[in-house]
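# Coordinates in review
Spelled out from the first residue to the last, the chains are:
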Amino acid sequence: MSAQHDAQHSPSFIGKYIFSQDHKIIGIQFLFVSLAFMVLGGFLAMIVRWQLGFPDKEIPLANVLPTSWNPADPAQYNAVFTMHASIMIFLVIIPILTGAFGNFLIPLMIGARDMAFPKLNMLSFWVGFSGGAVIASSFFVEGGTAATGWTAYPPLSADPQYTGVALGQTLWIVGVLLVGTASIMGAVNYITTIVNMRAPGMHFFRMPLSVWALFITAILQLMATPVLASALGMLLFDRTLGTHFFNPAGGGQVLLWQHLFWFYSHPAVYIMILPSMGFVSDIMSTFARKPIFGYKAMVFSLMGIAGLGFIVWGHHMFQSGMNPTLGTTFMISTMVIAVPSAIKTFNWLGTLWGGAIRFTPAMLHALAFVSTFIIGGLSGIFMASTPVDMFIHDTYFIVAHLHYVLFGGSLFGVFAAINFWYPKMFGRMLNPTVNLVHAVLSFIFFNLTFFPMHILGMGGHMRRIYDPTLYDFLKPMQPMNEFISVNAFILGGVQILFAANFICSLFWGKKAERNPWHANSLEWAAPSPPPHGNWGEKVPTVYRGPFEYSLPGMTEDYMPQDLPGAGAPTPGRTVMTPARS
Ligand code: HEM
Ligand SMILES: [Cu+2]
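Let us look at the structure shown here. Position numbers for residues start from 1 in each chain and track the written sequence from start to end. Labels follow written order: the first chain is A, the first ligand is 1, and so on. Side-chain atom pairs in this predicted model are given and counted only at pLDDT of 80 or more, local residue features only at pLDDT of at least 70, and totals for whole chains, interfaces and linings cover all residues. Excluded from the side-chain calculation are hydrogens and water; included are all heavy atoms of the structure.

### Structural notes on the coordination of the copper ion (ligand 2)
Counted as coordinating are nitrogen, oxygen and sulfur atoms within 2.8 Å of the metal, or 3.2 Å for Na, K and Ca, while water is not included, which may make sites look incomplete. In the first shell of the copper ion (ligand 2), the protein supplies His266 (ND1), His315 (NE2) and His316 (NE2), at 1.7 to 2.0 Å from the metal. Binding-site remark: the copper ion (ligand 2) is held by donors from one chain whose sequence spacing is H-x48-H-H. Of this pair, His266 sits in helix α8 (residues 254-271) while His316 sits in the loop between α10 (295-308) and α11 (324-336), and the two are 50 residues apart along the sequence. Residue burial is assigned from relative accessible area. The probe radius is 1.4 Å, only protein chains are included, and a residue is buried under 20% of its type maximum, exposed over 50%, and partly exposed in between. In this structure His266 comes out as buried when scored by relative accessible area, which is 5%. Judged by relative accessible area, His316 falls into the partly exposed class, the value being 25%. Here a strand is any run of E in DSSP of at least two residues, a helix any run of H or I of at least four, and the numbering for each starts at the N terminus.

Dropping the structure here:
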């Protein structure tokens, strides 16, 4: 198959790197584009923070920025924070986790040569890329870009008269629709590949947790994203064809949007965190040199979180006038999610316990992930509680919570994954010292930036306001806003270390060996970087699970999945019997 497969692809630059059908190249395309958008999203965050910390000082580069980015204008502030959030969610976190790492890792980790549908995979990237381009183009049209928050609640989003944004909002809708379509295409591919293309011996319960997490995430994407797509379609019709699905002026229902939006977007918050949970599990086991604690419990709690994710969306709507009985059911179902989340957290701690821990940059980010996820998870329980949520709804408590899970969680998971898999992706090592400094400083300044936001929120500081000093009761808290902003700038600045390391190492990094971390899963059996088709003549055969570190009686402290010979039999597994051939 391999020779035939190789022959199908033209070796030209365009075929190899632009319209590539190779899962690894597509993964790297997603990575580069998302990282570029991260720079833009981060830059917008700095503008937001400048305005909130120093509302009466003009932002430094005011004269070089487009006039429409001046946050001191309330309408423009809305646009800036809307695009910060929309870019971070739709163009950074989701595409990095599923597009970049889903693509790169799934075939390599299950011992396949590529995705099930390589052409669909290529299409997914280019449709997603067009979506990004359409969203980005909205910055340049008359009236400016979308300004209704990433949640796009009608009537604001349904009728241009409220925001003054006409085409910009429509482009946002079309762009998100395209990105969602790309996401559905990717999900079909990941699910099919994992179900059908595992190497001989790769039982489901021998798959690394990254693959499990990406698999369950793909199921979420496949089931939830069409709901968003149809809601966006209706919103688009409201704006362009004069329908009134959501616009109350014509008898539409604003709450219908909220239900549809959150029916997608709550599962989507798990789309944004489950893959990181998977990466962190694999990375922690590798660098603690210990089997993951409770492998099957980890898998079932991923499933539990994903399943519960579909019945909790109403917790975003406690303040919408919903019947209190319904509110209580949403409250209880939401709190139940703490159970699988806690199982995961205790299993991570159990994995660390007694381990021979190696504090690599990837491991530090994984540890940072777990600790910030605990804080973000705990603040989530506060918000799940209806009586508490009445006070903290729409305040900076929410902004604190969401950054603890999205930045401290998802993004630290991404940093862990980039540090861990960079050698496999590019065949070069990152400079570990620079990235250790980056990891430590990011963790410190992340907490200094976002922890105080809980306190602001408890003090009643509203979210999505452009000038806190306009409110007398917020004035005493302005020094805290300044403190947050200064730390945010340092946090933003620290990311330059990572970016410089990432770019320089592509050219001058030390050449990577096949398995620099002495890890077990199959991707480390392929060359760094793996060739087209991944495995040469024969796909590997799998003899055991991916977590067999420090087995008693072994000379090496790791046992690759494809190494023939008996490992210590682990419960529930038959050693040496390939599941499929
Ligand atoms: C240094 C980095 C960052 C800073 C300083 C920052 C700051 C902020 C601030 C101050 C807001 C609230 C704006 C307002 O309510 O007026 C906000 C909103 C938001 N941020 Fe960030 N952010 C950063 C990074 C990120 C990252 C990495 C993500 C996601 C991966 C993210 C996702 C969001 C989202 C989803 C919102 C929307 C909240 C809403 O709609 O009200 N942010 N950010
Ligand atoms: Cu939710």
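From this point, the narrative continues.
### A word on the site of ligand 1
Around ligand 1, 26 residues are found, and the nearest of them are Tyr77, His84, His403, Arg463 and Arg464. Here a polar contact means two N or O atoms within 3.5 Å. Within protein one must be a hydrogen donor candidate and the other an acceptor candidate, and residues neighboring in sequence count only if both atoms are side-chain atoms. Here a nitrogen atom of ligand 1 and a side-chain polar atom of His84 are 2.9 Å apart. Residue Arg464 places a main-chain N or O atom 2.6 Å away from an oxygen atom belonging to ligand 1. For the shell around ligand 1, the elements supplying multiple residues, two or more each, are α3 (23-53), α4 (74-110), α15 (396-426) and α17 (478-508). The rule for a residue being near a molecule or strand is that one of its heavy atoms must lie within 4 Å of it.

### Digging into the nonpolar core
In this text, buried Ala, Val, Leu, Ile, Met, Phe, Trp, Tyr and Cys residues form a nonpolar core when linked through side-chain atoms within 4.5 Å. Leu31, Phe90, Phe101 and Trp421 are the most contacted members of the largest nonpolar core, which has 163 residues in total. With residues near it in sequence (within four places) discarded, Phe101 still touches Leu31, Ile96, Ile106, Leu214, Phe279, Ala417, Ile418, Trp421 and Met425. When checking whether two residues touch, look at their non-hydrogen atoms; a contact exists if any pair is within 4.5 Å.

### So, the pattern of salt bridges
By definition, a salt bridge exists where a carboxyl oxygen of Asp or Glu is found within 4 Å of a side-chain nitrogen of Lys or Arg. Summed over all chains, the structure comprises five salt bridges. The salt bridge involving Asp22 is made with Lys24; its shortest N-O contact spans 3.2 Å. The shortest N-O distance in the salt bridge between Arg289 and Asp557 comes to 2.9 Å. A residue pair is termed long-range when its members are at least 10 positions apart, and Arg289 in the loop between α9 (274-288) and α10 and Asp557 in the segment after α17 qualify at 268 residues. On the accessibility criterion, Asp557 (25% relative accessible area) is partly exposed. Sharing partners across several salt bridges, the network here consists of Arg289, Arg358 and Asp557.

### Concerning the side chain of Thr351
With respect to the helices and strands, Thr351 occurs in helix α12 (residues 338-352). What makes Thr351 buried here is its relative accessible area of 0%. Ignoring sequence-local partners within four residues, the contact set of Thr351 consists of Met284, Ser285, Ala288, Lys290, Pro291, Ile292 and Phe293.

### Quick look at the packing of aromatic side chains
Aromatic pairs are defined between Phe, Tyr and Trp rings, using the six-membered ring for Trp, whenever the two ring centres lie within 6.5 Å; interplanar angles under 30 degrees are classed as stacked, those over 60 as edge-to-face, and all others as tilted. The tally for this structure, following the rule as stated, stands at 56 aromatic pairs. For the ring pair Phe287 and Phe420, a centre distance of 5.6 Å and an interplane angle of 85 degrees mean the geometry is edge-to-face. Of this pair, Phe287 sits in helix α9 while Phe420 sits in helix α15, and the two are 133 residues apart along the sequence. Judged by relative accessible area, Phe287 falls into the buried class, the value being 1%. Note on Phe420: relative accessible area 1%, which makes it buried. Ring centres of Phe507 and Trp508 lie 5.7 Å apart, and the angle between their planes is 55 degrees; this geometry places the pair in the tilted category. The exposure class of Phe507 is exposed, given its relative accessible area of 53%. The criterion for a charge sitting over a ring is simple: Lys NZ or Arg CZ within 6 Å of the ring centre, and within 35 degrees of the ring normal. Sitting over the face of the ring of Phe204, Arg198 holds its NZ or CZ atom 4.0 Å from the ring centroid. The lysine or arginine in question, Lys296, covers the ring of Phe205, its NZ or CZ lying 4.7 Å from the ring centre.

### Looking at the environment of Phe426
As for its position among the elements, Phe426 is in helix α15. The exposure class assigned to Phe426 is buried, which follows from its relative accessible area of 16%. Sequence separation between Phe426 and Arg358 is 68 residues; the distance between their C-alpha atoms is 23 Å. Leave out the neighbours within four places in its chain, and Phe426 touches Ile28, Leu31, Phe32, Phe502, Leu506 and Pro529.

### Details of the coordination of the iron atom of ligand 1
Only His84 (NE2) and His403 (NE2) from the protein reach the iron atom of ligand 1 as donors, at distances of 2.0 Å. In this scheme the shape depends on donor count and angles: four donors with every angle between 85 and 135 degrees give tetrahedral, four or six donors with opposite pairs above 155 degrees and others between 65 and 115 give square planar or octahedral in turn, and any other case is irregular. Every donor counted, the six donor atoms about the iron atom of ligand 1 form angles of 87 to 178 degrees at the centre, which fits octahedral coordination. Of this pair, His84 sits in helix α4 while His403 sits in helix α15, and the two are 319 residues apart along the sequence. For the residue pair His84 and His403, the accessibility class agrees, reading buried in each case.

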